[in-house]
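# Commentary on secondary and tertiary structure
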Amino acid sequence: MKQLDHVLSVEVTLELAGEMLPIGRIAWRAGERRSYFEYSQAALDRRLNLSPFNLPLRPGAQPAPHVPFEGLHGLFNDSLPDGWGRKLLDRRLQRLGYDFMTLGPLDRLSFVGTTGMGALRYKPVGLLEEVVYGDLDLDWLATQAELVQEESPEADVDRLQAAQGGSGGVRPKIVVGLDTATGLLVQDRNTGLAVGYEPWIVKFRAESDPREIGPEEYAYSLMARAAGVEMPETRLLRGSSGNAYFAVRRFDRSAAGAIHVHTLSGLLHADHREPQVDYGILLKATRLLTRDERHVESMFTRMVFNVLARNRDDHSKNHAFQMKADGTWVPTPAYDLTFSSGPGGEHNMAIAGEGRNPGHRHIMQEAKGAGLTPLRAQAIFDEVKAAVDAWPRFAENAGLSEARMAELDYVLNERGRAPADDVESTATSSP
């Protein structure tokens, strides 16, 4: 099997309001098995602190911790696709005869290159043959994603890997340009879309997902918006077969260009696969980073929604912040909201110390710690509860089957009769 030439140094650039700003260099020290990062003078002059908690803006080389990101700073680990994207890259390299097991973090950053989520760009760019996947047939791509998950040699890994565009998470997905007026889709190569097209992500079903995950996630997005949770625009797109796929507008892109995004996991150097942070830490981090109590309240609202709507796949990579052009920070819109039983039936992030059965008392404890008045916290709770109580309406609007709607209504609102099979067994619960 062929060996790749390992990348030992990477130049990092930030796309900021259409400008490409060199921000520094990452160097890999093989003997230490970790990287060092040094800000450029341009970044120091602009005073853009891209990762305020663990990579402060100062001259000199700063070492990354050995864990949890294999010797990489959290700022750059956020650029690496995990789950689905990592699997596709490994499979594609394997087909080309390369040993992907030897890839280091900087090798993987080079394959992200200029196509990653957020606004960070990396050079040198790993060379893979460009793939043009022509017309976007959602049903065909969904079938290919199923074949990949089944480890089938028939799967078109090249086209799927080119289409996923550096997106993270375990769910199969592609990045596209969507004409919101006509519903037409085009390939998004991260080099700018034609006039009339907007940057969107389309998700496909993972093996652990319920059969109707597309309509279900769409119904959750409608319910979250009604609950006062800030959401990006969402849609259901249908393939020629009539199958429905959940689509969401990218919040890391705007008319002015790319937007720098940093997850809570990357900010705090916290492994999202382990319960290292809780909602109290999220709310404190929000206050320290944004210095705006309105954003603390916004994050509190999301916490209440995740509790009442039983979204327990609420780990630290599913909470993020975006940096404005002036260097100030705000929470990103919420994402990856759907019914989830969580690891071992618990929330990834505890609420006032409780992960399995958090309730009103725990929510109000978090409100007190976050500095919300009891009156305001109760008003938020009531607004979210009213939206969750209206779950059947959102499920109907999304075209979810009556059986699945009733299953979730039984769990969320204790209405109806328990299904024959425990609904928890059909819930998304992957990290």
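Positions within a chain are numbered from 1, following the residues in the order the chain's sequence is written. Given that the model is predicted, a residue must reach a pLDDT of at least 70 before its local features are reported, and side-chain atom pairs must reach 80 or more before they are shown or counted; all residues, however, enter totals for whole chains, interfaces and linings. With hydrogens and water set aside, each side-chain value is computed from the structure's full complement of heavy atoms.

Our focus in this paragraph is the overall build of the protein. Along the backbone of the protein there are 14 helices and 15 strands. Using C-alpha atoms as the atom set, the radius of gyration is obtained and then compared with a globule rule of 2.2 Å times the number of residues to the power 0.38. In terms of overall size, the protein behaves like a compact globule, its C-alpha atoms giving a radius of gyration of 21 Å where 431 residues would be expected to give roughly 22 Å. When its C-alpha atoms are laid out on the principal axes, the protein stretches across 60 × 50 × 40 Å. In this scheme, a residue with accessible area under 20% of its type's maximum is buried, one over 50% is exposed, and one in between is partly exposed, where area comes from a 1.4 Å probe on protein chains only. A total of 431 residues make up the protein; the buried ones form 56% of that total. Considering only residue pairs separated by 6 or more positions, the protein has 66% of its internal contacts joining residues 24 or more positions apart. The Shrake-Rupley method, run with a 1.4 Å probe, gives the accessible areas here. Residue values count only the displayed protein chains as cover. Carbon together with sulfur atoms contributes 50% to the accessible area of the protein, which is approximately 18,700 Å² in total. Only four residue types enter the tally: Lys and Arg on the positive side, Asp and Glu on the negative side; His and the chain ends are excluded. The location of each charge is read from NZ of Lys, CZ of Arg, CG of Asp or CD of Glu. In the protein, 48 positive and 59 negative side-chain charges are present, and the distance between their average locations comes to 4 Å. The secondary structure listing takes helices from DSSP runs of H or I that are at least 4 residues long and strands from runs of E that are at least 2 residues long, numbered from the N terminus. Two residues qualify as a contact provided that any one of their heavy atoms is within 4.5 Å of a heavy atom in the partner residue.

So, on to the sheet that holds strand β8 (residues 198–203). The pairing criterion is simple: DSSP has to find at least two bridges between the two strands. If you trace the five strands from one edge of the open sheet to the other, you get β7-β6-β8-β10-β9, paired in antiparallel fashion. Only two strands of the sheet have a single neighbouring strand rather than two, namely β7 (185–187) and β9 (234–238). Ignoring strand direction, the axes of neighbouring strands in this sheet form an average angle of 45°. By the bridge criterion, three bridges tie β8 to strand β10 (residues 244–249) in an arrangement that is antiparallel. Residue pairing for β10: Ile 201 is matched across the bridge by Val 248. For every element, the axis is a line fit to its C-alpha atoms; helices are fit only across the contacting stretch, and the angle between N-to-C directions ranges from 0 to 180 degrees.

Any Lys or Arg side-chain nitrogen found within 4 Å of a carboxyl oxygen on Asp or Glu counts as a salt bridge. Tallied over the entire structure, the rule returns 26 salt bridges. Here Arg 415 makes a salt bridge to Asp 409, at a shortest N to O gap of 2.8 Å. The exposure class of Arg 415 is partly exposed, given its relative accessible area of 29%. On the basis of relative accessible area, Asp 409 is assigned to the buried category, the value being 8%. Residues participating in the shared-partner salt-bridge network are Arg 171, Lys 203, Asp 209, Glu 217 and Asp 336.

On to the packing of helix α11 (residues 360–370) against helix α12 (residues 374–389). α12 packs onto α11 with a crossing angle of 135° between their chain directions and a minimal axis gap of 10 Å. One way to sum up the angle between α11 and α12 is to call them oblique. Handedness of the crossing formed by α11 with α12: right-handed. Contacts from His 360, Ile 363, Met 364 and Ala 367 in α11 reach Pro 374, Ala 377, Gln 378 and Phe 381 in α12. Here the term charged refers only to Asp, Glu, Lys and Arg, the term nonpolar to Ala, Val, Leu, Ile, Met, Phe, Trp, Tyr, Cys and Pro, and the term polar to all other amino acids, Gly among them. In the contact of α11 with α12, the residues fall into six nonpolar, two polar and no charged. Should an angle fall under 35 degrees it is called roughly parallel, over 145 degrees roughly antiparallel, and 65 to 115 degrees roughly perpendicular, with every other angle called oblique. Left-handed describes a crossing whose near helix is turned anticlockwise from the far helix by less than a right angle; the clockwise case is right-handed.

All of the buried residues along α11 are His 362, Ile 363, Glu 366, Ala 367 and Ala 370. Along the axis of α11, the buried positions cluster into a sector of 145°, meaning they face one direction only. Among the exposed residues of α11, those oriented more than 90 degrees off its buried face are Arg 361, Lys 368 and Gly 369. Considering only its buried residues, α11 is in contact with α9 (279–290), α10 (293–308) and α12. Working definition: the arc comes from the directions between the helix axis and the C-beta atoms, pointing outward to the latter.

We now examine the sheet that holds strand β14 (residues 320–323). Taken in spatial order, the three strands line up as β13-β14-β15 in an open sheet, and their pairing is antiparallel. One side of each edge strand has no neighbouring strand; the edge strands of this open sheet are β13 (260–263) and β15 (329–331). Each strand axis lies, on average, 30° off the axis of its neighbour in the sheet, ignoring direction. Sheet analysis places β14 next to β15, joined by three bridges and oriented antiparallel. Of the residues in β15, the one forming a bridge with Phe 321 is Pro 331. Helix-sheet contacts for α9 involve β14 and β15, and the interaxial angle to β15 is about 150°. Those strands touched by α10 are β14 and β15, and its axis lies near 25° from that of β15.

All right, on to the environment of Val 195 then. Summarising the element assignment, Val 195 is placed in the loop between β7 and β8. You can call Val 195 exposed: its relative accessible area is 86%. In this structure, the C-alpha to C-alpha distance between Val 195 and Gly 183, residues 12 residues apart in sequence, is 14 Å.

Take the packing of aromatic side chains next. Each Phe, Tyr or Trp ring (for Trp, its six-membered ring) is paired with any other whose centre lies within 6.5 Å, and the angle between the two planes then decides the class: stacked below 30 degrees, edge-to-face above 60, tilted in between. Within this structure, the stated rule accounts for seven aromatic pairs. Here the aromatic rings of Phe 37 and Tyr 39 are separated by 4.9 Å at their centres, their planes lie at 80°, and the arrangement is edge-to-face. In terms of burial, Phe 37 and Tyr 39 fall into one category: buried. Considering the side-chain rings of Tyr 220 and Phe 305, the 6.2 Å spacing of their centres and the 80° angle between planes classify their relative orientation as edge-to-face.

Moving on, we come to unusual backbone geometry. Cis peptide bonds are those with omega within 30 degrees of zero, and the linkage from Val 67 to Pro 68 qualifies with 10°. With respect to the helices and strands, the residue Pro 68 is situated in the loop between β4 (61–63) and α2 (74–77). Omega for the peptide link from Lys 123 to Pro 124 comes to 5°, which places this bond in the cis form. For Glu 414, which is not glycine, the phi dihedral falls at a positive 55°. Within the secondary structure, Glu 414 is located in the segment after α14 (402–413).

For the rest of this paragraph, the subject is the packing of helix α3 (residues 84–95) against helix α6 (residues 157–164). Between α3 and α6, the shortest axis-to-axis distance is 9 Å and the interhelical angle comes to 140°. Judged on the interaxial angle alone, α6 and α3 are oblique. Once α3 is placed against α6, the crossing between them reads as left-handed. Across the interface between the two elements, Trp 84, Gly 85, Leu 88, Leu 89, Arg 91, Arg 92 and Arg 95 from α3 touch Val 157, Asp 158, Leu 160, Gln 161, Ala 162 and Gln 164 from α6.

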